[in-house]
Amino acid sequence: MNIFLTIALLVVSNIFMTFAWYGHLKLQDMKVISDSTPLYFVILLSWGIAFAEYCCQVPANRIGFAGNGGPFSLMQLKVIQEVTTLIIFTLFTVVFFKGESLHWNHLAAFACLVAAVYFVFMDAK
């Protein structure tokens, strides 16, 4: 159960993180905020969204960490988080930023990430 809860929390966390980091660009594109919107306002908005991210990220790491009885080592947690981040970011980019597209090199990079997941979960003994 901790595996699924950890991964679900990481997915939700990364959705919030992606919106905190890049959502303001879409809001600007949609004319919700403008070029003249003060940077401090955009930063505070992003911090507010990032707070929701941390409310999911921290429990995911605590629940998932083997040192707390979870199923994952720190290295495994980090690789899961990074792969999740790139998947969420790719979906966000393709869905919300229509001018962006995937190319062969992006797919090659994803293949490398799949290899990274394989290697981090491989028994190295």
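Structure: above.
The rules behind the values
Residues numbered from 1 in each chain as written. Predicted model: local features only at pLDDT ≥ 70, side-chain atom pairs only at ≥ 80, totals over all residues. Heavy atoms only, no water. Helix = DSSP H or I, 4+ residues; strand = E, 2+ residues; numbered from the N terminus. Buried < 20%, exposed > 50% of the residue type's maximum accessible area, 1.4 Å probe, protein only. Contact = heavy atoms within 4.5 Å. Areas by Shrake-Rupley, 256 points an atom, 1.4 Å probe, with all protein chains shown as cover. Lys, Arg positive; Asp, Glu negative; His and termini not counted. Charge placed at Lys NZ, Arg CZ, Asp CG, Glu CD. Axes fitted to C-alpha atoms, helices over the stretch in contact; angles between N-to-C directions. Parallel < 35°, antiparallel > 145°, perpendicular 65-115°, else oblique. Left-handed = near helix turned anticlockwise from the far one by under 90°. Nonpolar A, V, L, I, M, F, W, Y, C, P; charged D, E, K, R; others polar.

> I'm lost on the overall build of the chain in this one. Help?
Looking only at helices and strands, one finds 4 helices and 0 strands in the chain. For the C-alpha atoms alone, the extent of the chain along its principal axes is close to 55 × 35 × 20 Å. Within the chain, buried positions represent 29% of all 125 residues. If you take every contact in the chain between residues at least 6 apart in sequence, the share linking residues at least 24 apart comes to 70%. Accessible area for the chain stands at about 8400 Å²; split by element, carbon and sulfur atoms hold 73% of it. One finds the centroid of the 6 positive side-chain charges in the chain at a distance of 5 Å from the centroid of its 6 negative side-chain charges.

> How do you make sense of the packing of helix H1 (residues 2-29) against helix H3 (residues 74-96) when you look at a structure like this?
In the contact formed by H1 and H3, the axes pass within 9 Å of each other and the chain directions differ by 45 degrees. By the angle between their directions, the pair H1 and H3 is classed as oblique. When you trace H1 past H3, the crossing you get is right-handed. In this structure, H1 contributes Thr6, Ile7, Leu10, Val11, Asn14, Ile15, Met17, Thr18, Phe19, Tyr22, Gly23 and Lys26 to the contact, and H3 contributes Leu77, Ile80, Gln81, Thr84, Thr85, Ile88, Phe89, Phe92 and Phe96. Residue classes in the contact of H1 with H3 are distributed as 13 nonpolar, 7 polar and 1 charged.

> Mind showing me how you'd approach the packing of H3 against helix H4 (residues 104-121) here?
With their axes 9 Å apart at the nearest point, H3 and H4 run at an angle of 160 degrees to one another. Classified by the angle their axes make, H3 and H4 are roughly antiparallel. Once H3 is placed against H4, the crossing between them reads as left-handed. Only Phe110, Leu113, Ala116, Val117, Val120 and Phe121 of H4 make contact with H3, whose side of the interface consists of Met75, Gln76, Val79, Ile80, Val83, Leu86 and Thr90. Considering only residue class, the contact of H3 with H4 consists of 11 nonpolar, 2 polar and no charged.

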